[in-house]
Amino acid sequence: MKQISNEISKKLSLARSFEKAHFSEIQRQERPGFHLSPALGWLNDPNGFSFYKGEYHLFYQYNPYSTRWDAMHWGHWTSKDLLHWDYQEASLAPDEDYETGVFSGTAIADKDGSHLIMYTADYTKAPDYSTDLSGKNGIRRETQCIARGDGREYQKFRGNPVLSEKDLPEEFTIEDFRDPKLWIGKDGKYYAVTVARKKRDNLGAALLFSSENVVEWQYLDTIRENDGSFGGMWECPDFFFLEGRPVLSLSVMNMKNTSPLFRNGNCTVAFVGDTISEEVDILPESQQGKEENRAEDFLENLLQQTMKKANPQALDLGFDFYAPQTMERDGRTIMVGWMQAPEAGGNAPENAKWYGQMSFPREMFFRGDRLCQRPISEIQKLYKDTVELEISCEKEEKSYAELEGKVLDLSLRSSASKYCLKYQECSEQKVVSERQEVFQMKFAKQGENYVLCTYDFVTGILTVDRSHAGRSASICEVRRIYVGSSKELSLRLLLDRFSFELFINDGEQVLSGTLYELPAEAKEISFQGEGIHLKVEKHSLREIELGAL
């Protein structure tokens, strides 16, 4: 690998100087206990999640100067263990003529030993209404670019962009062409999945490209295109193989869906294909396969038979989860997402010094055909004490001092009474009863401040309500999802100072949300539900270590 130059642009130097001048103004207790927040200012999409030179690297969309979205930079963390992270200086700034923002992308360890980044260069010029009242003289152009680095310093390729109008099929617009997911296949070629907007209907599609040298690219085909069932434009594609099955995850914009199996607004959907029986050259280098199989055979199978018929599944049905990225390491596929709804992006609390968080890393796995998620097992290294309780819930709400906390990992299994099960059987036969069997949990509670989670054993509906969580902004406050009627329910709650992640039935469904303005003293946990039995295990968590700039 050639040595990476230490020469940096004025814009990047300014961002780094600003970071160093203001980073220390944020005290440790002002940050989440075990979730990542930006060095300062604004954070959105995770970028470049990868392993390189013995470290995990996680970059992020970043505006150091404000808690609002603006000209995007790349922020940067590194870690040895996915738990404790060091803040690194900003890695990329919009400092070239072809970009006003350094948008999302991915990173890999390249063949020459360098850390290779592929990202979207967004160039936007506002309309000049003094010369044209139609506003049609505005410009937006999105192209794909590369940069190489040594894990700290990164230099953009002088021949950027490497994917532009000349490579994009005519039916797609360059105005929305972004977010490359990059990998190296077993055949040594580079592959990238991007999204683009179709001209004919303004809907999104996921496109597949290949390259021999990461500079000259060829369009191969469209993996999946939106028929209008999943929002409008798509963003932030991730494409990976898990247990032999291809998975395409997408961040869907402006979803219109009333089904409790999905959610409206800007959300995340995974398309899960059937098992690929013959692994071939396009598969990542980490996948085992038969060298003699041809990539074109695989493409025909993948595109025509698998991904276009893949089953959709929501990745997170909560309030705040978007733009996830995965990486593979030691046989695990690990995912991190931005814990924020894009439509709530302008709602930073007054006087906030930072805004935006990442989810705690999640391991992806299948249970049958269901794509599931669970917190990575490394979280156990943060446990500092454990409480185990068996509780028979009562008709009236009751709090438990042993379970209090604001930074914790709490698991519970609930089961309904025999009476409830009889009622459930009767309800299926349309026999009317006045009795309801509803389990209720309140967490992050202090007086009238709390988050409410309820589950109806009969209807199978689980509801999370944060309308009492103290936000001054007008945001989405209630989510209802269909879990299924059952005699048992398991929940796992990761609660932090400014967020929660709720894993249902061992990760078959997940709901995530932010809690920016709850009092620090909101630590109570209460239960309610006559005839419902609980087994509860609570672990208080140590703060993760955060290395300063």
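Reading the values: the criteria
Per chain, the residues get numbers from 1 upward, laid out in the order the sequence is written. Local features are withheld for residues below a pLDDT of 70 in this predicted model, meaning they are given only at 70 or higher, and side-chain atom pairs are given and counted only at 80 or more; totals for whole chains, interfaces and linings count all residues. The basis for every side-chain value is the complete set of non-hydrogen atoms in the structure, without hydrogens or water. Only DSSP runs of H or I covering at least 4 residues are called helices, and only runs of E covering at least 2 are called strands; the numbering of each starts at the N terminus. Per-residue accessibility, obtained with a 1.4 Å probe over protein chains only, is compared with the maximum for each type, and a residue is labelled buried under 20%, exposed over 50%, and partly exposed between these values. Contact criterion: two residues are considered in contact whenever any of their non-hydrogen atoms come within 4.5 Å of each other. Here, a strand pair is defined by DSSP locating no fewer than two bridges between the strands. Angles here are taken between N-to-C directions and fall from 0 to 180 degrees, while the axes themselves are lines fitted to C-alpha atoms, restricted in helices to the stretch in contact. As used in this structure description, the phrase polar contact means that two N or O atoms lie within 3.5 Å; if the pair is within protein, one of them must be able to donate a hydrogen and the other to accept it, and residues adjacent in sequence are counted only when both atoms belong to side chains. Throughout this description, the term salt bridge denotes a Lys or Arg side-chain nitrogen within 4 Å of a carboxyl oxygen of Asp or Glu. Any pair of Phe, Tyr and Trp rings, taking the six-membered ring for Trp, is counted once the centres come within 6.5 Å. Such a pair is stacked with planes under 30 degrees apart, edge-to-face with planes over 60 apart, and tilted for the rest. Helix span is expected to be 1.5 Å times the residue number reduced by one. What we call a nonpolar core is a set of buried Ala, Val, Leu, Ile, Met, Phe, Trp, Tyr and Cys residues that are connected through their side-chain atoms within 4.5 Å. What pLDDT conveys is the predictor's confidence in a given residue, as a value from 0 to 100.

Asker: Please clarify how the overall build of the protein should be interpreted in this entry.
Answerer: Broken down by element type, the protein carries three helices and 34 strands. Residue burial in the protein is summarised as follows: out of 549 residues, 58% are buried. Within the protein, contacts between residues separated by at least 24 positions form 64% of all contacts whose residues are at least 6 apart in sequence.

Asker: Hey, could you run me through the pairing of strand β32 (residues 524-528) in this one?
Answerer: Residues in a regular strand point their side chains to alternate faces of the sheet. Both strand β23 (residues 398-399) and β32 contribute to a ladder of two bridges, which runs antiparallel. Paired with Ser 399 across the two strands is Ser 526, which belongs to β32.

Asker: Explain the sheet that holds strand β33 (residues 533-541) here, please?
Answerer: One key point about sheets: their strands pair by backbone hydrogen bonds, in either a parallel or an antiparallel sense. Strand order across the open sheet formed by six strands is β22-β33-β24-β29-β30-β31, with antiparallel pairing between neighbours. Every interior strand has two partners, whereas the edge strands, β22 (383-392) and β31 (509-514), have only one. Adjacent strand axes in the sheet meet at a mean angle of 15°, parallel and antiparallel pairs treated alike.

Asker: Help me out: how do you make sense of the environment of Glu 19 in this one?
Answerer: Locating Glu 19 in the fold gives a position in helix α1 (residues 10-22). On a C-alpha basis, the gap between Glu 19 and Glu 89 in space is 7.6 Å, while along the polypeptide they are 70 residues apart. Sequence-distant contacts of Glu 19, that is, excluding residues within four places in its chain, are made with Ala 39, Leu 40, Tyr 62, Gln 88, Glu 89, Ala 90 and Leu 549. Among the polar contacts made by the side chain of Glu 19, one reaches the main-chain amide nitrogen of Ala 90 at a distance of 3.1 Å.

Asker: Would you take a moment to explain the pattern of salt bridges for this structure?
Answerer: The final tally for this structure, using the stated rule, is 42 salt bridges. The closest approach of N and O atoms between Arg 148 and Asp 110, which form a salt bridge, is 2.5 Å. With Arg 148 in strand β7 (residues 139-149) and Asp 110 in the loop between β5 (101-109) and β6 (115-125), the pair connects residues that are 38 residues apart, well separated along the chain. Owing to a relative accessible area of 24%, Arg 148 belongs among the partly exposed residues under this scheme. What makes Asp 110 buried here is its relative accessible area of 7%. Here Arg 263 ties to Glu 343 by a salt bridge, and the two come within 3.7 Å at their closest N and O atoms. In this pair, Arg 263 sits in the loop between β14 (245-255) and β15 (265-272) while Glu 343 sits in the loop between β18 (332-338) and β19 (354-355), placing the two residues 80 residues apart along the sequence. Owing to a relative accessible area of 47%, Glu 343 belongs among the partly exposed residues under this scheme. Several salt bridges share partner residues, and in doing so they unite Asp 122, Arg 140, Glu 142, Asp 176, Arg 178, Asp 179, Arg 197 and Glu 235 into one network.

Asker: Before we go on, may I ask you to explain the side chain of Asp 179 in this structure?
Answerer: Tracing the backbone through its elements, the reader meets Asp 179 in strand β9 (residues 172-184). On the accessibility criterion, Asp 179 (5% relative accessible area) is buried.

Asker: Help me understand the sheet that holds β9 in this model?
Answerer: Read from one edge of the open sheet, four strands run β9-β10-β11-β12, paired in antiparallel fashion. Each edge of the open sheet is held by one strand with a lone partner, namely β9 and β12 (217-225). Geometrically, the sheet is characterised by an average inter-axis angle of 25° between neighbouring strands, direction not taken into account.

Asker: Is there a simple way to think about unusual backbone geometry in this case?
Answerer: Here Asn 160 and Pro 161 are connected by a cis peptide whose omega angle stands at -5°. The residue Pro 161 is located in the loop between β8 (154-156) and β9 in this model. Here the phi dihedral of Lys 53 falls at roughly 55°; this positive angle occurs in a residue that is not glycine. Take Lys 53: it is sitting in the loop between β1 (41-52) and β2 (55-63). In this structure, Asn 505 is a non-glycine residue whose phi angle is positive, near 50°. Counting through the fold element by element, Asn 505 comes out in the loop between β30 (499-504) and β31.

Asker: Just to check I follow, could you spell out the environment of Phe 157 for this structure?
Answerer: Mapped onto the fold, Phe 157 is located in the loop between β8 and β9. For the pair formed by Phe 157 and Cys 145, sequence separation is twelve residues and the distance between their alpha carbons is 7.5 Å. Setting aside its immediate chain neighbours within four residues, Phe 157 contacts Tyr 98, Ile 146, Ala 147, Val 162 and Val 215.

Asker: Teacher, can you tell me more about the side chain of Glu 153 here?
Answerer: Tracing the sequence through the fold places Glu 153 in the loop between β7 and β8. Side-chain polar atoms of Glu 153 contact the side chain of Arg 16, separated by 3.1 Å.

Asker: Quick question: what am I supposed to make of the packing of aromatic side chains here?
Answerer: Think of a pair of aromatic rings as described by two things: how far the centres are apart, and how the planes are tilted against each other in angle. The final tally for this structure, using the stated rule, is 31 aromatic pairs. Plain terms: the ring middles of Phe 230 and Phe 271 are 5.4 Å apart, the flat faces sit at 80° to each other, and that makes the pair edge-to-face. Of this pair, Phe 230 sits in the loop between β12 and β13 (234-242) while Phe 271 is found in strand β15, placing the two residues 41 residues apart along the sequence. Pair check on accessibility: Phe 230 and Phe 271 agree, each one buried.

Asker: Would you mind showing me how to read α1 here?
Answerer: Every α-helix carries 3.6 residues per turn, so stepping three or four residues along brings you back to the same face. The end-to-end C-alpha separation of α1 is 18 Å, in line with the 18 Å expected for 13 residues at 1.5 Å each. Looking at the buried residues of α1, the elements they touch are β2, β3 (73-79) and β4 (85-92).

Asker: In this structure, what is going on with the environment of Thr 275? I would like to understand it.
Answerer: For Thr 275, the position within the fold is in the loop between β15 and α2 (295-306). A residue is classified by how much of its surface remains accessible, and Thr 275, at 51% relative accessible area, is exposed. Separated by 31 residues in sequence, Thr 275 and Gly 244 have C-alpha atoms that sit 5.2 Å apart. What Thr 275 contacts, discounting residues up to four positions off in sequence, is Glu 243, Gly 244 and Arg 245.

Asker: Would you explain the nonpolar core in this entry?
Answerer: Soluble globular proteins: nonpolar side chains tend toward being buried together. Membership of the largest hydrophobic core comes to 64 residues, with the highest contact counts inside it found for Phe 439, Leu 462, Leu 491, Phe 500 and Phe 527. Formed by 46 residues, the second largest nonpolar core is a distinct cluster that contains Ala 15, Leu 36, Met 72 and Val 510.

Asker: Sorry, what's going on with the confidence of the model for the protein here?
Answerer: The predicted coordinates ought not to be read in detail in places where the model reports low pLDDT. Summary statistics for the protein give a mean pLDDT of 91 and a share of 88% for residues scoring 70 or more. Counted against residues more than four places away or in other chains, residues 288-293, with its pLDDT under 50, gives twelve contacts. Note that residues 421-434 has pLDDT below 50 and, in this model, ten contacts with residues that lie over four places away or in other chains.

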